[in-house]
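Structural overview
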Amino acid sequence: MDLKVENGCIKEDNGLGWGKSLPVQSVQEIVTNGYQSVPERYIQEIKDRPSSISSESLQASLQIPIIDFSLLAKGDEHETRKLDLACKEWGFFQIRNHGVQVKILQTMKAAMAAFFELPLMEKKKYAMGANDLEGYGQAYVVSKEQKLDWCDLVALKTLPLEQRNLNFWPLNLPGFKEAVEEYSIEVQKVAEEINANLSILMGMERDGLKRYQGELKQLMRMNYYPPCSSPDLVFGVSPHSDGGSLTVLLQDDDVIGLQIKHKGEWIPVKPIPNALVVNISDAIEIMSNGVYKSIEHRAITNEKKARISAAAFAHVDDELEIGPLDSMVDDPHRPPMYKKIKYIDYIRQVLARKMDGKDHTDLVKIQT
Ligand code: OGA
Ligand code: NI
């Protein structure tokens, strides 16, 4: 099928799922084949390139909130206040004692590594189709001109279990399905407990967000960032905010790559072994009427080591409308700051554009 690209956006098509991405070469293949210098399409404009991290940013990195999930689950007031502040001021935090067994985390990491180690021909059996963003490939490639990220990925709808498209799953890779299934169920429990806490903080009952979001769906994006000979010229993932509701990221314990924007500076998120990184995504920013922030983040690469991560995006039911919650609107002091929009329409708008900072939420912001 022909893709219609207009003004840098893929034109919407009837029968479309969440969106689509133009096929491009695997970065892992470029690296395996050997290259003299980084191909032009991956080299960012000078103004966009990842700058080196200042000592102030390294200091700030130590202040990224760390939440003890076991206390949160017990309703500990101090920890709940910490969560509130983390979502207001940082939009990102790490969680310890999250209850997901270390063995499950390790098995998930091993399963992802095994997938990306498969020969290219084998991985291509699970390539993204023309009409959706699920499968093996590169996301957010919407025009032939745009710069590309130094990253391959496989995106799978993981929950609810009955909505999986198993034809995108490498079922003959031993243990892969079981590992992803087990991890996705565990990590969704974490997302749901955080949602329950956020519901209370937003003036509702524990199941408040659930009632507005429907049964949470989950999309797992497994990222593979090969080493790059010039990490200062490329992005692993360009700056963006996540379109979903809440994201839980499992990152490599010893390769740093994730950076978040805080007070105008890029701050690295140093991995804490066996912790999970959580970030507020666009739907919760909109529902909280801008009180909780879905902030920009990006990933950088390095010369020596590949890095693998798994982003579990919790998604709202496609047909539900999202907009500022009544409990978060207080006219005239805090009028609604976002328009109401059907979730699927929002996600399609997000996925039809190249990842570019915080443009997405601006699409539904009420101009004052
Ligand atoms: C993402 C993302 C960051 C990382 O997949 O949306 O932001 O560190 N990933 O892999
Ligand atoms: Ni992200």
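Criteria and cut-off values
- Residues numbered from 1 in each chain as written.
- Chains lettered and ligands numbered in written order.
- Predicted model: local features only at pLDDT ≥ 70, side-chain atom pairs only at ≥ 80, totals over all residues.
- Heavy atoms only, no water.
- UniProt positions renumbered as here; feature names shortened; annotations may be inferred.
- Helix = DSSP H or I, 4+ residues; strand = E, 2+ residues; numbered from the N terminus.
- pLDDT = per-residue confidence, 0-100.
- Contact = heavy atoms within 4.5 Å.
- Disulfide = S-S within 2.5 Å.
- Buried < 20%, exposed > 50% of the residue type's maximum accessible area, 1.4 Å probe, protein only.
- Salt bridge = Lys/Arg side-chain N within 4 Å of Asp/Glu carboxyl O.
- Pairing = 2+ DSSP bridges.
- Axes fitted to C-alpha atoms, helices over the stretch in contact; angles between N-to-C directions.

Once that is clear, we can look at the UniProt feature "domain: Fe2OG dioxygenase" (unreviewed entry) in the chain. What UniProt calls "domain: Fe2OG dioxygenase" (unreviewed entry) maps, in this numbering, to residues 216-316. Taken end to end, residues 216-316 has its terminal C-alpha atoms 6 Å apart, with 6% of it in helix and 45% in strand.

A few words on the confidence of the model for the chain. On average, the chain scores 91 in pLDDT, and the residues at 70 or more come to 93%. For the stretch residues 1-16, pLDDT sits under 50, and the model shows 27 contacts to residues farther than four places along the chain or on other chains.

In the structure shown here, the tally under the stated rule is zero disulfides. Looking at the unpaired cysteine 151, the closest cysteine sulfur is the one in cysteine 228, lying at 12 Å. Judged by relative accessible area, which is 4%, cysteine 151 ranks as buried.

Quick look at the pattern of salt bridges now. In this structure the tally under the stated criterion is 15 salt bridges. Residues lysine 109 and aspartate 253 are paired through a salt bridge, measuring 3.4 Å at the closest nitrogen-oxygen approach. Of this pair, lysine 109 sits in helix α5 (residues 102-117) while aspartate 253 is found in the loop between β9 (246-251) and β10 (258-262), placing the two residues 144 residues apart along the sequence. Looking at lysine 109, the relative accessible area reads 24%, which means it is partly exposed. Among the salt bridges present, the one from lysine 342 reaches glutamate 319, with a minimum N-O distance of 3.0 Å. One end of the pair, lysine 342, is in strand β16 (residues 341-342); the other, glutamate 319, is in the loop between β14 (307-315) and β15 (321-322), with 23 residues separating them in the sequence. Classification of lysine 342 by relative accessible area gives partly exposed; the value is 33%. Among the ionic contacts, a cluster of salt bridges with common partners joins Arg164, Lys177 and Glu181.

This part is about the sheet that holds strand β6 (residues 152-159). Strand order in the open sheet formed by eight strands is β3-β4-β12-β9-β14-β7-β6-β5, and the pairing between neighbours is mixed. Lying at the two open borders of the sheet, with one neighbouring strand each, are β3 (66-68) and β5 (135-137). Between one strand axis and the next, the sheet turns by 25° as a mean value, whatever way the strands run. Bridging between strand β7 (residues 217-225) and β14 involves nine bridges; their strand directions are antiparallel. Within β14, the position partnered with tyrosine 224 by the bridge is isoleucine 308. On the sheet, helix α7 (residues 176-201) packs against β4 (92-96), β6, β7, β9, β12 (276-280) and β14 and is oriented at approximately 120° with respect to β7.

Further remarks concern the environment of lysine 157. Locating lysine 157 in the fold gives a position in strand β6. Taking relative accessible area as the criterion, lysine 157 reaches 26% and is therefore assigned partly exposed. Taking the C-alpha atoms as reference points, lysine 157 and lysine 217, 60 residues apart in sequence, are found 8.0 Å from one another. Setting aside anything within four residues of it in sequence, one finds lysine 157 in contact with Asp132, Glu134, Gln163, Arg164, Asn165, Trp169, Gln218 and Leu219.

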